[in-house]
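Per-entry structural report
So the chains spell out like this:
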Amino acid sequence: MNRNQVRPQRRHATPSRIERVRRQAVPKPRVIIALLLLLGLVSVMLLDGYLRAEVGNDQRVRSDASASKVPDSVLDGGPFLSFQGGTARTRSVPDKTIVLTFDDGPDPEWTQKVLDILDDNDVPGTFFLVGSMVSRYPDVVRRMVDDGNEVGVHTFTHVDLSYQSAARVTREIAQTQLALAGAAGITTTLFRAPYSSTNDAIDNYSWPVYKKLGAMGYTSVFIDTDSEDWQQPGVSKVIKWATPKSGKGASVLFHDAGGNRAQTLEALPQYIKKMKSKGYTFTTVSGAQQQAQGQQAQGQQAQGQQAPQGTPGTAGNTLQSDPEQAAHRTADTATLWEGRALLGAVAVAEWTVPGLAAVLAVVGVAVLGRFAMMLVLARRHYRQRNRRRFSWGPSVTEPVSVIVPAYNEKECIANTLNSLAASTHPIEIVVVDDGSTDGTAEIAESLGLPNVRVIRQPNAGKPAALNNGVRHARYDIVVMMDGDTVFEPGTVQRLVQPFGDPEVGAVAGNAKVGNRTTMIGAWQHIEYVMGFNLDRRMYDLLRCMPTIPGAIGAFRRDAVLGVGGMSEDTLAEDTDITIALHRAGWRVVYAEHARAWTEAPASLGQLWRQRYRWSYGTMQALWKHRKSVTDRGPSGRFGRVGMPLVVLFQIVTPVFAPLIDVFTVYAMIFVDFKASLLAWLAVLLVQLVCAGYAFRLDRERYRYLLMLPLQQIAYRQLMYLVLIHSCVTAATGGRLRWQKLKRTGEVGTPAPGTGVR
């Protein structure tokens, strides 16, 4: 059995109800892939936003709250707060001892330099780390631990925990511990709350948080002296404010991230040398605790008492052997791998989101550049073709053949043929009935119109029908149209005049949406005028027209036969034949005044199927003619000018366009609503200007532009999804068949002289 005998059954056989239900119920793999890609992108963006404190950010900081519920022993106690046995206990730093603590890191620049200073001066530090920063810069944390420093938790997103729910508090701590496990293979029992300072800053709202964390085994670390280096008051003041009084020990606060820390880097080595010269020693939080515990134990032994069980430093402790890193715990296997997974996800987000942002910036510039180029070239095209003395050459007056391929067009065929019968140019009409089952051929014959021939053939598809029509055409110029399209009386005459130039091998007409009274129709009308016809003016001047619309196009018969006719290799036979003519050396031009009125899809489902086929077919045609990129002559001109433009602006840019919208929505929700909205409105204004100019050139009514904002929000997204669906289909090796759209026949024959509807 040959191909033509098998194909009708595949294309037009009605599926059973069970089969239809199965197709609807079971998503196709490429649809699932597209949804997973979208979900992955959104997840990566949300993770990146969470790391940068854009998602879930809470900048509230509590101050001047009552501390009536906080024990005085805590408010007046030392900077180390723990809850051993459920009782709040504080411990002070021993005299002549400094615990250098650093908040808000790690930072890839400042923290590394702080670590260098500590190494040079042979002193340890205790770093309270923000989990989101740990996950972004794990190498810094790894060095920090390897150098003998101690680390503590400073929450994951640097929020004031007194405002957060119990679940958020737990999550902030757990996520930071996972980041530490992934970065250095450890967890820690030290905690410092963001925006905390000395013990007397504890209030009734933060006290429950400290008790909760104490019950979880954490030691909360406060400060005795604050360098206030974050204010950048000057090096001398940083040193002065960090110095404890009267030889007392102190937990001292510096910052290794969160801003410019140049003064910190300058002050820190001077401070260390100053304190050493005064007889001070430096240790970590755990080191200071063990020193204090040792002094307490010695005092108790001198009084004949026994140290309490479970106190750090006694036989019951589970701390590591290094006393200055006693708060560290080796992460268990599950925590370790969860932490590594977190770091992996963060690394993906860190590369993906900025990378996409850079790509989208390039795409945005390209799109704006395209708009500018379209406006300039469209104006030049209009002025050139509408000059009073402009001529293609000798007037074309000889008859032409109009080929009308038709498959089940009973609703439209009469309007189509009646419009052709009113043509002011001599024509013959060749109706090729492609195996219709609804009486299309009989309707065409029953009209009794002159110069109409009906050719019947078994169903073989539109390319085969067009080729059959070309073979039966009597004249050297053939006009091809769809069976649901109507021409104005002067359309054919205007369409064929460019053939007065012997270099012209084909002419693209001006396709108009006839059923534009509905919202979907109005959206397509805007697209046809702005997207298609404005583009064609540009491509015409650049001599790289990519597509002659199937609704209205004219060809030299010899040119069509010379490239092998209409190919069945792709689903976009109009794009395929146009590129083939370019490669054969023919010029393809645009006749703006040759108007055809076509019935656009009336439902979203039909629109999706039509554009899906167009997008996929265009990709097939571009792939088929990919060698034109390296060809010489006219073929190479299209390959190196037309093909990159089509790929960039009809495939690449639309594929990335939804990402721009996703980024815009993200920015509106999580970053700056006003600025993002203004940016979106600015882009919309640019599009409105382009659309308005396109409508002016085509002498269309501006009232349809009121639909443009909604078109950008709804219709454009649908078109982008269609293109992405087509790309996924192509990437996964899927095949797409011809699909018949349902017609209503509501586009009637234009009245003579009608130019705008």
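This text gives an overview of the structure that appears in the document. (Residues numbered from 1 in each chain as written. Predicted model: local features only at pLDDT ≥ 70, side-chain atom pairs only at ≥ 80, totals over all residues. Heavy atoms only, no water.)

At a minimum axis separation of 8 Å, helix α20 (residues 573–583) and helix α21 (residues 604–624) run at an interaxial angle of 25°. In terms of axis orientation, α20 runs roughly parallel to α21. Two packed elements cross with a definite hand, and for α20 against α21 that hand is right-handed. Residue-level inspection shows Thr575, Asp576 and Ile579 of α20 in contact with α21, the latter providing Thr618, Ala621, Leu622 and Lys624. (Axes fitted to C-alpha atoms, helices over the stretch in contact; angles between N-to-C directions. Helix = DSSP H or I, 4+ residues; strand = E, 2+ residues; numbered from the N terminus. Parallel < 35°, antiparallel > 145°, perpendicular 65-115°, else oblique. Left-handed = near helix turned anticlockwise from the far one by under 90°. Contact = heavy atoms within 4.5 Å.)

With 8 of 8 residues buried, strand β14 (residues 427–434) is to be regarded as a mostly interior element. Along β14, one buried face is formed by Ile427, Ile429, Val431 and Asp433 and the opposite face, lined by Glu428, Val430, Val432 and Asp434, is buried too. The β-α-β motif built from strand β13 (residues 400–406), the intervening helix α14 (residues 413–421) and the parallel element β14 has right-handed crossover chirality. Taken together, the 6 bridges between β14 and strand β15 (residues 452–457) define a ladder with parallel strand orientation. Across the sheet, the residue bridging to Ile429 is Val452, located in β15. (Buried < 20%, exposed > 50% of the residue type's maximum accessible area, 1.4 Å probe, protein only. Right-handed = clockwise from strand over helix to strand, strands pointing away. Pairing = 2+ DSSP bridges.)

Okay, helix α8 (residues 166–184) next. Look at α8: 27 Å from first C-alpha to last across 19 residues, which is about the 27 Å you get at 1.5 Å a residue. Buried residues of α8: Arg168, Val169, Glu172, Ile173, Gln175, Thr176, Gln177, Ala179, Leu180, Ala181, Gly182 and Ala183, and no others. In the stretch just after α8, Gly185 is the one whose phi turns positive, near 75°. (Expected span 1.5 Å × (residues − 1).)

Turning to a nonpolar patch on the surface, a few remarks are in order. Taken together, the side chains of Ile32, Leu36 and Leu39 make up a nonpolar region of the molecular surface, amounting to roughly 280 Å² of accessible area. With respect to the element layout, Leu39 can be found in helix α3 (residues 29–51). (Patch = residues over 30% accessible without salt bridge, like charges linked within 9 Å, V, L, I, M, F, W, Y side chains within 5 Å. Areas by Shrake-Rupley, 256 points an atom, 1.4 Å probe, with all protein chains shown as cover. Salt bridge = Lys/Arg side-chain N within 4 Å of Asp/Glu carboxyl O.)

Let's shift gears to the nonpolar core. Core analysis: the biggest nonpolar cluster contains 72 residues, and Leu100 and Tyr271 have the highest contact counts within it. With 7 residues, helix α13 (residues 333–385) is the largest single contributor of residues to this core. Filtering out sequence-adjacent residues up to four positions away, Leu100 remains in contact with Leu118, Val123, Pro124, Gly125, Thr126, Val252, Phe254, Leu268, Tyr271, Ile272, Phe282 and Thr283. In terms of nonpolar packing, the next biggest core, distinct from the first, is built from 56 residues, Val470, Met530, Met538 and Phe555 among them. (Core = buried A, V, L, I, M, F, W, Y, C linked by side-chain atoms within 4.5 Å.)

Right, let's talk about the environment of Tyr280 for a bit. Residue position: Tyr280 is located in the loop between α11 (262–277) and β11 (281–283). We classify Tyr280 as buried; its relative accessible area is 6%. As a C-alpha pair, Tyr280 and Asp95 span 185 residues in sequence and 8.4 Å in three-dimensional space. Excluding residues within four positions of it along the chain, Tyr280 makes contact with Lys96, Thr97, Ile98, Pro244, Gly247, Lys248 and Met275. A polar side-chain atom of Tyr280 sits 3.0 Å from the main-chain carbonyl oxygen of Lys248. (Polar contact = N/O pair within 3.5 Å; in protein donor to acceptor, adjacent residues only side chain to side chain.)

Turning our eyes to something else, we now look at the packing of aromatic side chains. Enumeration over the complete set of coordinates arrives at 10 aromatic pairs. With 4.8 Å between their ring centres and 20° between their planes, Phe102 and Phe127 make a pair best called stacked. Here Phe102, found in strand β3 (residues 97–105), pairs with Phe127, found in strand β4 (residues 126–129); they are 25 residues apart in sequence, far enough to count as distant. Note on accessibility: Phe102 and Phe127 belong to one class, buried. (Phe/Tyr/Trp six-rings, centres within 6.5 Å; stacked < 30°, edge-to-face > 60°.)

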